[in-house]
Amino acid sequence: MMRRMGEGALMIVVLVLVCGLGVKGDASDHRYKEGEHVPLYANKVGPFHNPSETYRYYDLPFCAPDNVADKKEALGEILNGDRLVDAPYELNFREDKQSKSICKKTLSKEDVAKLRDAVAKDYYFQMYYDDLPLWGFLGKFDKDKIDPTEYKYLLFKHIHFDVAYNDDRVIEINVQTDNNLAVDITEDKEVNVEFSYSVTWKKTDIPFEKRMDKYSKSSSMPQHLEIHWFSIINSCVTVLLLTGFLATILMRVLKNDFIKYSHDDEALEDQEETGWKYIHGDVFRFPKHKSLFSAVIGSGTQLLALAIFIFLLALVGVFYPYNRGALFTALVVIYALTSGIAGYTATSFYLQLEGTNWVRNLLLTGFLFCGPLFLTFSFLNTVAIAYSATAALPFGTILVIILIWTLVTAPLLVLGGVAGKNGKTEFQAPCRTTKYPREIPQLPWYRGTIPQMAMAGFLPFSAIYIELYYIFASVWGHKIYTIYSILFIVFIILIIVTAFITVALTYFQLAVEDHEWWWRSVLCGGSTGIFIFCYCLYYYHARSDMSGFMQTSFFFGYMACVCYGFFLMLGTVGFRASLLFVRHIYRSIKCE
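Residues numbered from 1 in each chain as written. Predicted model: local features only at pLDDT ≥ 70, side-chain atom pairs only at ≥ 80, totals over all residues. Heavy atoms only, no water.

1. Observations regarding the pairing of strand E10 (residues 169-177)
Pairing of strand E9 (residues 158-166) with E10 involves eight bridges; the strand directions are antiparallel. Paired with Ile159 across the bridge in E10 is Thr177. As consecutive antiparallel partners, E9 and E10 are separated by two residues, and within that stretch Asp167 has a phi angle of approximately 65°, a positive value. (Pairing = 2+ DSSP bridges. Helix = DSSP H or I, 4+ residues; strand = E, 2+ residues; numbered from the N terminus.)

2. Points about the sheet that holds strand E7 (residues 139-142)
Pairing in this open sheet of three strands is antiparallel, and the strands run E7-E8-E11 from one edge to the other. Both outer strands of the open sheet, E7 and strand E11 (182-184), are each paired with one neighbouring strand and no more. Ignoring which end each strand starts from, the neighbouring axes of this sheet average 25° apart. Bridge count for E7 against strand E8 (residues 152-156) is four bridges, and the pairing is antiparallel. Paired with Asp142 across the strands is Lys152, a residue of E8. Across the sheet, helix H3 (residues 109-120) is in contact with E7 and E8; its angle to E8 comes to roughly 100°. (Axes fitted to C-alpha atoms, helices over the stretch in contact; angles between N-to-C directions. Contact = heavy atoms within 4.5 Å.)

3. Thoughts on the confidence of the model for the chain
Summary statistics for the chain give a mean pLDDT of 86 and a share of 88% for residues scoring 70 or more. Low pLDDT, under 50, characterises residues 1-26; the stretch is placed with 43 contacts to residues that sit more than four places away or in other chains. Low pLDDT, under 50, characterises residues 265-273; the stretch is placed with five contacts to residues that sit more than four places away or in other chains. (pLDDT = per-residue confidence, 0-100.)

4. Quick look at the packing of helix H7 (residues 290-315) against helix H14 (residues 518-526)
Two numbers describe how H7 lies on H14: the axes approach to 12 Å, and their chain directions differ by 35°. Seen from above, H7 lies across H14 with left-handed handedness. The residues of H14 that touch H7, namely those facing Leu292, Phe293, Val296 and Ile297, are Trp518, Trp519 and Val522. Residue composition of the contact of H7 with H14, grouped by class: seven nonpolar, no polar and no charged. (Left-handed = near helix turned anticlockwise from the far one by under 90°. Nonpolar A, V, L, I, M, F, W, Y, C, P; charged D, E, K, R; others polar.)

5. A closer look at a negative patch on the surface
A contiguous patch of negative charge, built from Glu34, Glu90, Glu95 and Asp96, is present on the exposed surface. Locating Glu90 in the fold gives a position in the loop between strand E3 (85-86) and strand E4 (97-107). (Patch = residues over 30% accessible without salt bridge, like charges linked within 9 Å, V, L, I, M, F, W, Y side chains within 5 Å. Areas by Shrake-Rupley, 256 points an atom, 1.4 Å probe, with all protein chains shown as cover. Salt bridge = Lys/Arg side-chain N within 4 Å of Asp/Glu carboxyl O. Lys, Arg positive; Asp, Glu negative; His and termini not counted. Charge placed at Lys NZ, Arg CZ, Asp CG, Glu CD.)

6. Focus: the pairing of strand E12 (residues 191-203)
Pairing geometry for E4 and E12, over eight bridges, is antiparallel. Paired with Lys97 across the strands is Val199, a residue of E12. Of the pairings in the sheet, the one linking E9 to E12 comprises eight bridges and is parallel in character. The residue bridging Val163 from the neighbouring strand is Trp201, located in E12.

7. Considerations on the sheet that holds E4
Judged by pairing direction, the sheet is mixed, and its four strands sit side by side in the order E4-E12-E9-E10 without closing on themselves. Of all strands in the sheet, those with a lone pairing partner are E4 and E10, marking the two edges. Each neighbouring strand pair of the sheet contributes to a mean axis angle of 20°, computed without reference to strand direction. Of the strands in this sheet, E4 and E12 touch H3, which is tilted by about 120° from E4.

8. With respect to the packing of aromatic side chains
Aromatic rings considered in pairs are described by the distance between their centres and by the relative angle of their planes. Counted according to the given criterion, the structure contains 54 aromatic pairs. Considering the side-chain rings of Tyr89 and Phe161, the 5.3 Å spacing of their centres and the 65° angle between planes classify their relative orientation as edge-to-face. Here Phe161 lies in strand E9 and Tyr89 lies in the loop between E3 and E4, a separation of 72 residues in the sequence. Residue classification places Tyr89 among the buried residues on the basis of a relative accessible area of 8%. With relative accessibility at 0%, the residue Phe161 sits in the buried group. Pairing Phe555 with Phe556 gives two aromatic rings, centres 5.0 Å apart and planes at 80°, and the pair type is edge-to-face. Neither Phe555 nor Phe556 differs from the other in exposure class; each is buried. (Phe/Tyr/Trp six-rings, centres within 6.5 Å; stacked < 30°, edge-to-face > 60°. Buried < 20%, exposed > 50% of the residue type's maximum accessible area, 1.4 Å probe, protein only.)

9. Some details on the state of the cysteines
Overall, the coordinates contain one disulfide when judged by the stated rule. Put simply, Cys63 and Cys103 are joined by a disulfide, and their sulfur atoms are 1.7 Å apart. Around the S-S axis, the bridge from Cys63 to Cys103 shows a dihedral of about -65° and counts as left-handed. Of the two residues, Cys63 is situated in the loop between strand E2 (55-56) and helix H2 (75-79) and Cys103 in strand E4; the sequence distance between them amounts to 40 residues. Taking relative accessible area as the criterion, Cys63 reaches 5% and is therefore assigned buried. Cys536 carries a free sulfur, and the closest cysteine sulfur to it, the one in Cys563, is 4.3 Å from it. For Cys536, a relative accessible area of 0% gives the class buried. (Disulfide = S-S within 2.5 Å.)

Written out as structure tokens, the structure reads:
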């Protein structure tokens, strides 16, 4: 039975990967003869400042072919909101055209009002020509007047394409519009428009292999690279100084503690017992809500594995510019394949904590991250349907995702859980736990959970916040992020700092005889996710021009899920580091 489920899961994954990772033209080799048709697809239109609020190209009253054919798209493209259709322009290879008419159209009052609203919101269009992306604005509004009611709205009726070629391949394409070739749509009245276009071809020496380089130049320009490297150096210096400082103090204090606790003088017996040694009978007492705790560790481990695999793919060049479909496909497939890690880790750890209902724990693990994500997606997809936006997933795509979850994620989760149950090991505790817990002394307010979380999250966040802006500007804007090597370095710094600061706070907690460190280490480690969400609030209000209910709900909805994922992942890192540290220090002393 398990074997059949595994074979079914493998078939689904293969089908998803066969669908492709990016936008593909009809000509797979990208070689054309003079006069041959080159595929041009119109993708979507939408407000420039609202990247999630995009609509189908022909939702606006443009000239449309007699038979509008939708291009078959991969899973990642659909998740990205791409809806490619045949464009009305014919850009045959090396064939110049001058003022070629597409159609003559009478725009009704309703059409004029719709287009004027689009121009007022800075609507842009996106197309793909032989897999090369191109953009242009629908029009412009003249702000010469002080009173906004007197603005003049112009709709571009002519588009000029500049195409560069090398031998028999398309290398580059740019779009130009002319204010002189525009129609006034300021007033509510019917307008007769003749839409046209022109094409100019020119030869270039740029090889085909480097035609995508221009899209990544913006993120690798010297001034941007200086900022990135300054951020890295600043983070590294801060981390090295702080970790060195904390390590020196911690090692010196621990050394003194070891010397103190190793003395067997009778004088020490008369002294009052204080410090972390004297809670050795409680420090390995299992935490409350052990099923939830194990589920958090399992889900966090899976998300950490997911992040590492995504970085590996990025570093080998899978996610080249404007191939965002590849990222979404990889996220879905790798998350499904790593669910076995979550099942194994959660079940194994739950049984180490002497849990009894491992099946319930496995279900909790499966829904701990997927549950909130599914609820968020359901709400946001409903909003997108109400707006008739391309972000609304078709029923077929939702069915594919459900099948992947049913035939891949769930079976692998169960297989991982069964493997964790069969490979059950005892919890390695160097000290024996007493029957009754020791009373925790009253501590000052800054020793509380929330102040400790604030201290724990600030340092890792300070190491990544500069890089966060560039990531946000790429995901929630139109800038391009391609320097994944720097991002990977920042990620490693984030993991190291999170582990170290959590270990330091765990020691300070044990030193004041507070033995309930299990949940505290998770909360302190994951608190960086809360800081990232606070940065989302700042970015939305201060660094972006996003507006409208749909864009706002998409931004905060999906960023809440991302921050929750960071919380689980970094919380797991914090706990694992603290567990290694606690085991080490208690193994180094004699516990009676």
